[in-house]
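Overview (structure and organization)
The residues making up each chain are set out below.
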Amino acid sequence: MLIVQKYGGSSVANAERIMNVARRITKTFNAGNQVVVVLSAQGDATDEMLAKANELNPGASKRELDMLLATGEQQSVALMAIALHKLGSPAISLNAIQAGIHASSKYGNARIKSIEPERSTAELERNNLVLVAGFQGVNRYGDLTTLGRGASDTTAVALSAVLGADYCEIYTDVDGVYTADPRSVKNAKKIDCISYDEMIELASLGARVLHNRSVEMAKRYRIKLVVRSSMSEAEGTLVNKEGSTVEKNHVSGLAVDLDVARISVMGVLDRPGMAYQIFSLLAKDKISVDIILQSIGRNNTKDISFTVTKADLRPALDILDANRELIGFDMVSYDDTICKLSVVGAGMASNPGVASMMFEALYDCGVNINMISTSEIKISVLIDAHAADLAANTVHDKFINNNIEIKGRQA
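Residues numbered from 1 in each chain as written. Predicted model: local features only at pLDDT ≥ 70, side-chain atom pairs only at ≥ 80, totals over all residues. Heavy atoms only, no water.

**Topic: the pattern of salt bridges**
Taken as a whole, this structure holds 16 salt bridges when the rule is applied. The partner of E123 in a salt bridge is R126, with the nearest N and O atoms 3.1 Å apart. Using a relative accessible area of 5% as the deciding quantity, one classes E123 as buried. Its relative accessible area of 54% is what places R126 among the exposed residues. In this structure, R262 and D335 form a salt bridge, with 3.9 Å as the shortest nitrogen-oxygen distance. Note that R262 is positioned in strand β14 (residues 261–269) and D335 in strand β17 (residues 331–335), a separation of 73 residues in sequence. For R262, a relative accessible area of 19% puts it in the buried group. For D335, a relative accessible area of 18% gives the class buried. (Salt bridge = Lys/Arg side-chain N within 4 Å of Asp/Glu carboxyl O. Buried < 20%, exposed > 50% of the residue type's maximum accessible area, 1.4 Å probe, protein only. Helix = DSSP H or I, 4+ residues; strand = E, 2+ residues; numbered from the N terminus.)

**Let's talk about the environment of L238**
Residue placement: L238 occurs in strand β12 (residues 237–240). In this structure, the C-alpha to C-alpha distance between L238 and V37, residues 201 residues apart in sequence, is 19 Å. Setting aside its immediate chain neighbours within four residues, L238 contacts D192, C193, I194, L225 and V226. (Contact = heavy atoms within 4.5 Å.)

**Brief notes about the packing of aromatic side chains**
Under the defined criterion, the tally for this structure stands at two aromatic pairs. Taking the centre distance of 4.6 Å and the plane angle of 10 degrees together, the rings of Y7 and Y171 count as stacked. Of the two residues, Y7 sits in strand β1 (residues 2–7) while Y171 sits in strand β9 (residues 167–172), which places them 164 residues apart along the sequence. Relative accessible area serves as the criterion here: at 0%, Y7 is assigned to the buried category. (Phe/Tyr/Trp six-rings, centres within 6.5 Å; stacked < 30°, edge-to-face > 60°.)

**Re the packing of helix α2 (residues 45–56) against helix α3 (residues 62–86)**
For the pair α2 and α3, the least separation of the axes is 9 Å and the interaxial angle reads 150 degrees. Between α2 and α3, the crossing angle belongs to the class labelled roughly antiparallel. In this structure, the crossing between α2 and α3 has a hand that is right-handed. The segment α2 lies against α3, with T46, M49, L50 and A53 engaging L65, L68, L69, T71 and G72. Partitioning the contact of α2 with α3 into residue classes produces six nonpolar, three polar and no charged. (Axes fitted to C-alpha atoms, helices over the stretch in contact; angles between N-to-C directions. Parallel < 35°, antiparallel > 145°, perpendicular 65-115°, else oblique. Left-handed = near helix turned anticlockwise from the far one by under 90°. Nonpolar A, V, L, I, M, F, W, Y, C, P; charged D, E, K, R; others polar.)

**Structural notes on the sheet that holds β1**
Sheet strands associate in pairs through backbone hydrogen bonding, adopting either a parallel or an antiparallel arrangement. Read from one edge of the open sheet, eight strands run β3-β6-β2-β1-β9-β11-β12-β10, paired in mixed fashion. Only two strands of the sheet have a single neighbouring strand rather than two, namely β3 (91–94) and β10 (193–195). Going across the sheet, the axis of each strand differs from the next one's by a mean of 20 degrees, ignoring polarity. By the bridge criterion, five bridges tie β1 to β9 in an arrangement that is parallel. Bridge pairing in β9 links V4 to C168. Running over the sheet, helix α1 (residues 15–30) touches β1, β2 (34–39), β6 (129–133), β9 and β11 (225–229) and is turned about 170 degrees from β1. Contacting β2, β3 and β6, α3 crosses the sheet at an angle of about 160 degrees to β6. (Pairing = 2+ DSSP bridges.)

**Observations concerning the environment of R23**
Tracing the backbone shows R23 in helix α1. Placed 167 residues apart in sequence, R23 and K190 show a C-alpha to C-alpha distance of 26 Å.

**A short note on the side chain of S252**
As for its position among the elements, S252 is in the loop between β12 and β13 (253–257). On the basis of relative accessible area, S252 is assigned to the buried category, the value being 0%.

**Some details on the nonpolar core**
Formed by 47 residues in total, the largest nonpolar core has its most connected members in V36, V132, C168, M199, L210, L225 and V239. Those residues in contact with M199 that sit more than four places away from it in its chain are V177, I194, V209, L210, V215 and V239. Residues V251, A361, I383 and F399 belong to the second largest nonpolar core, which totals 25 residues. (Core = buried A, V, L, I, M, F, W, Y, C linked by side-chain atoms within 4.5 Å.)

**Description of unusual backbone geometry**
In this structure, N127 is a non-glycine residue whose phi angle is positive, near 65 degrees. Relative to the helices and strands, N127 is located in the loop between α5 (118–125) and β6. The class for N127 is partly exposed, based on a relative accessible area of 47%. At R222, a position not held by glycine, the phi torsion is positive, near 55 degrees. Counting through the fold element by element, R222 comes out in the loop between α8 (212–221) and β11. For R222, a relative accessible area of 44% translates into the label partly exposed.

**Concerning the sheet that holds strand β19 (residues 371–374)**
Strand order in the open sheet formed by four strands is β13-β18-β20-β19, with antiparallel pairing between adjacent strands. The sheet is open, and its two borders are formed by β13 and β19, each paired with just one other strand. The mean inter-strand angle of the sheet, taken between neighbouring strand axes irrespective of direction, is 20 degrees. Pairing analysis gives five bridges linking β13 to strand β18 (residues 338–344), with the strands arranged antiparallel.

**What about a positive patch on the surface?**
On the surface, K62, K106, R111, R220 and K286 cluster together into a patch of positive charge. Among the structural elements, R220 can be located in helix α8. By relative accessible area, R220 is classed as exposed at 54%. (Patch = residues over 30% accessible without salt bridge, like charges linked within 9 Å, V, L, I, M, F, W, Y side chains within 5 Å. Areas by Shrake-Rupley, 256 points an atom, 1.4 Å probe, with all protein chains shown as cover. Lys, Arg positive; Asp, Glu negative; His and termini not counted. Charge placed at Lys NZ, Arg CZ, Asp CG, Glu CD.)

Quick look at the structure:
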């Protein structure tokens with residue numbers, strides 16, 4: 001079989017952990033498999049490099065930041081090759097250029113456009129373990145670009161699709177996908193199986209175990225995706241087409257996203273095309289908008305509120321300020337002390353009690369709701385960030401205690 005494995009930064013944070021992963025890779029290889037390994041930068045290496053750059057120049061160019069940050073993954077694959085050689089395992093490390101990973105030119109958040117697999121295939125035919133630097137690609141100018149934080153997952157899935165891998169295994173410091181972040185929700189349970197759609201929602205809403213674009217790609221190419229711990233032999237979580245077949249499990253999990261800011265544009269003229277003007281201006285600057293709420297209107301004006309990431313807050317405010325006369329509004333306010341709490345589940349569409357139960361839980365713990373957004377498989381609310389842990393634990397326990405169970409292995 002051909003197996004693609006991805007190991008996160010915590011799994012290769014130091015020499016001891018690198019050797020631990022090297023032994024795991026060797027075990028898979030010695031079982032008769034071809035193995036491609038994608039690695040992230042060690043531990044907090046990316047944050048440390050960003051801190052060094054910021055110390056020199058807080059306004060560093062995104063191109064140079066990508067040149068800097070791409071070295072983290074290149075160190076990881078080279079060190080892993082060195083460790084594997086010590087164990088007697090044949091291995092070769094490749095950066096994005098050598099692995100033929102072509103990406104778009106948006107520095108800091110590029111997307112994989114295509115992969116030329118010839119080098120990787122040739123190395124596999126030579127019976128080598130192929131170690132590929134995650135998180136990076138090469139653009140049309142020959143520059144290294146990075147794919148966004150957590151995107152080594154996407155590198156692994158993309159390689160799985162191009163190489164026709166039998167499995168893509170994502171190794172982290174937790175033993176699978178949980179119904180909530182076990183570091184902040186004490187009763188969180190491990191999920192044995194979850195659908196692509198549910199996992200995409202959880203990943204997009206703040207669950208940090210998988211990069212959302214990696215799950216979207218896995219769904220598109222039907223990649224068998226398994227999330228496991230690099231520290232144990234636990235079975236992990238399978239992400240597939242169907243997910244759980246237990247009909248009573250209306251909710252798959254809960255996610256909290258702290259990287260949220262709300263912008264309110266007050267006194268917008270109540271006429272056709274005003275929302276289009278606002279959001280088209282933001283779109284031109286690649287600013288993504290999430291939850292949107294528009295008031296009914298008063299005195300021929302409306303208020304439009306929406307959320308962006310905290311990194312996009314200042315650019316969005318600058319765009320609105322520069323186009324105040326064009327749009328025609330009274331004032332803009334913002335709040336960056338909020339978070340987004342979401343529950344996700346494929347069975348929610350046919351169970352209207354989920355929404356009322358979530359709102360009841362928030363009422364029980366005295367947490368006020370600022371905005372609400374719903375879809376067929378998720379309910380999201382904006383709440384004050386300081387109440388995130390309290391709200392997450394209360395909502396999670398509410399579903400368990402009322403037997404509208406969150407998917408997962410029972411304790």
